[in-house]
Amino acid sequence: MRRSLALVSAAVTSMVALAFLVPLGLMVREIARDRALADAERQAGSLAPALAISTDRAAVERAVASIQAGEAGRVAVHLPGRPTIGTTHAHLADLQTAMARGRSFSARAAGGYVLLQPVALDHGRTTVVEVYLPKEDLTRGVRSAWIVLSGVAAALVVGSVVVADRLAARVVGSARTLAKAATILGGGDLRTRIDPQGPPELREAGRAFNTMADRVEALLAAERELVADLSHRLRTPLTAMRLNAAALGDEPAAEQTRLAVQRLEDEVDRIIGAARRPKQQRALCDAAEVLRDRMAFWSALAEDQNRDCDLVGAEHPVPVPVARTELSAVLDSLLGNVFRHTPQGTAFVVTLYEGVGRVAILVADAGPGIDDSDTALRRGASGGGSTGLGLDIARRMANAAGGDVRIDRSTLGGAQIQVWLPAAGARRR
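With an unreviewed UniProt entry as reference, the chain is termed histidine kinase, source organism Actinoallomurus iriomotensis. Quoted verbatim from the Subcellular location (unreviewed entry) field of the UniProt record, the comment on the chain reads "Cell membrane".

Right, dumping it as structure tokens:
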């Protein structure tokens, strides 16, 4: 923006300067020419009294030598019926015209101009005084005047560019401050505010930004309180469930129920903690650890239904820019879809793949697959195969983190849900 304003200012100032300088330059040249001709006419006129007194050659030569142009050898006197005194540069036709007209005029000559001044003598005779003007006399001072005018124009252009740049810097600085604050706010720092500066429009935008930030902070605080309150309300039914599970005895199903209730209580605790803690930075979690934890939970149900399950690639930590609770919810949804939409005994495999700047979580099963992957990815889609609301949850989480969700055919013969996420520290696109 600063460069554009500077270029516009330079262009406009240059056009204005040229609009004035070109006529001024031509005027200066005309003034210099008129001044030289007027000086030549004055010097030629100064010889008229001497010629009126005497046309003796010696007297005329003394009179010619007494003036500046005559001293320089640029004056010639054309006496009627006598040889010319001095060096002539005028054409014969111009001399005849001057004698016939009886008034002075200028004409072109070799290397410049000549001023021809007729002087009336006695007995009706006319002599012509010729003053030669070289081109340098006609343009004396023009070049220096043009240089001064060009310098003034350049100074005006530079000054306008500097002023435009300073004004643009003020506007751009305010806009950059606003953009930087918006970026910080988008990154999760809800305390970001700016001091409105710059033109009235940008100051108004800055005040609107501060109002928006206050409103967002208030809304998120209210949302956190609501989530925490709802989570606390879940404790009463969870306590009842835990007491009922404790009374079920020592059967395997009872133990699984107690384990499920315990995990549910842990998740509620995490939700309460996350809701109470303001998010200042993007959440991070170890995808490998989350996968191991959720596979341990679902493997018990898989064993009851005679499903072969396996976890691949989760041997070492793989950090991803997603909250643990969100990733756990997505995995539970995807694995839950496998159990809901494939027959008992159907095998499934969960694979964690770490590439260059990208991490993929692949949930593949040996079920009937998904016929229409585009429909399955739309919100609320459900039907045959491993699909349902879990895909929408996974898609929203992946999009928020800068990734995406894809559906493909697995090597087991069924569906393969691919959740692609950026690796922790990778730049979001």
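After that view, the rundown keeps rolling.
For the pair helix α11 (residues 287-304) and helix α12 (residues 324-341), interaxial distance at closest approach is 10 Å and the crossing angle is 35°. For the crossing formed where α11 meets α12, the hand is right-handed. For the pair α11 and α12, the contacting residues are Ala287, Glu289, Val290, Leu291, Asp293, Arg294, Met295, Trp298, Leu301 and Ala302 in the first and Arg324, Leu327, Ser328, Leu331, Asp332, Leu335, Gly336 and Phe339 in the second. Of the residues that constitute the contact of α11 with α12, the class distribution is 11 nonpolar, two polar and five charged.

Further remarks concern helix α5 (residues 92-101). Three or more residues of α5 are buried, namely Asp94, Leu95 and Ala98. One side of α5 carries all its buried residues, which in axial view fall inside an arc of 100°. For α5, the exposed residues lying more than 90 degrees away from the buried face are Leu92 and Ala100. Contact partners of the buried residues in α5: β1 (75-78), β2 (105-109), β3 (112-120) and β4 (126-134). Once α5 ends, the next one or two residues include Gly102, with phi positive near 75°.

Attention now moves to the pattern of salt bridges. Enumeration according to the criterion identifies 11 salt bridges in this entry. Notably, a salt bridge pairs Glu204 with Arg207, separated by 3.0 Å at the nearest N-O pair. Of this pair, Glu204 and Arg207 both sit in helix α8 (residues 200-233), three residues apart, roughly one helical turn. For Glu204, a relative accessible area of 47% puts it in the partly exposed group. Owing to a relative accessible area of 41%, Arg207 belongs among the partly exposed residues under this scheme. Each of Glu289, Asp293, Arg294, Arg324 and Asp332 takes part in one network of salt bridges that share partners.

So, on to the UniProt feature "transmembrane region" (unreviewed entry) in the chain. Here the UniProt-annotated "transmembrane region" (unreviewed entry) positions come out as residues 6-28. Split by type, residues 6-28 is 100% helix and 0% strand. Its first and last C-alpha atoms lie 31 Å apart.

Further remarks concern the nonpolar core. Residues Leu327, Leu352 and Val419 are the most contacted members of the largest nonpolar core, which totals 38 residues. When contributions to this core are tallied by element, the ones reaching two or more residues are α11, α12, β8 (348-354), β9 (358-365), α14 (389-401), β10 (404-409) and β11 (415-422). Setting aside its immediate chain neighbours within four residues, Val419 contacts Leu334, Val359, Ala360, Ile361, Ala394, Met397, Ala398, Asp404 and Val405. Leu37, Ala40, Ile85 and Val119 belong to the second largest nonpolar core, which has 23 residues in total.

The next point concerns the side chain of Gln305. Considering the arrangement of structural elements, one finds Gln305 in the loop between α11 and β6 (309-312). Its relative accessible area of 15% is what places Gln305 among the buried residues. Contacts of Gln305, omitting those with residues within four sequence positions, involve Phe339, Gln344 and Gly345.

Before going further, it helps to spend a moment on the sheet that holds β9. As summarised here, the arrangement of the five strands in space is β6-β8-β9-β11-β10, forming an open sheet in which the pairing is mixed. Where the open sheet ends on each side, the last strands, each with one partner, are β6 and β10. The average angle at which neighbouring strand axes cross in this sheet is 15°, direction not considered. Here seven bridges tie β8 to β9, and the two strands are oriented antiparallel to one another. The partner of Glu354 across the bridge, within β9, is Val359. Sheet strands touched by α12: β8, β9 and β11. Its angle to β9, the strand with the most contacts, is close to 20°.

Thresholds applied
- Residues numbered from 1 in each chain as written.
- Predicted model: local features only at pLDDT ≥ 70, side-chain atom pairs only at ≥ 80, totals over all residues.
- Heavy atoms only, no water.
- UniProt positions renumbered as here; feature names shortened; annotations may be inferred.
- Axes fitted to C-alpha atoms, helices over the stretch in contact; angles between N-to-C directions.
- Helix = DSSP H or I, 4+ residues; strand = E, 2+ residues; numbered from the N terminus.
- Left-handed = near helix turned anticlockwise from the far one by under 90°.
- Contact = heavy atoms within 4.5 Å.
- Nonpolar A, V, L, I, M, F, W, Y, C, P; charged D, E, K, R; others polar.
- Buried < 20%, exposed > 50% of the residue type's maximum accessible area, 1.4 Å probe, protein only.
- Arc of directions from axis to C-beta.
- Salt bridge = Lys/Arg side-chain N within 4 Å of Asp/Glu carboxyl O.
- Core = buried A, V, L, I, M, F, W, Y, C linked by side-chain atoms within 4.5 Å.
- Pairing = 2+ DSSP bridges.

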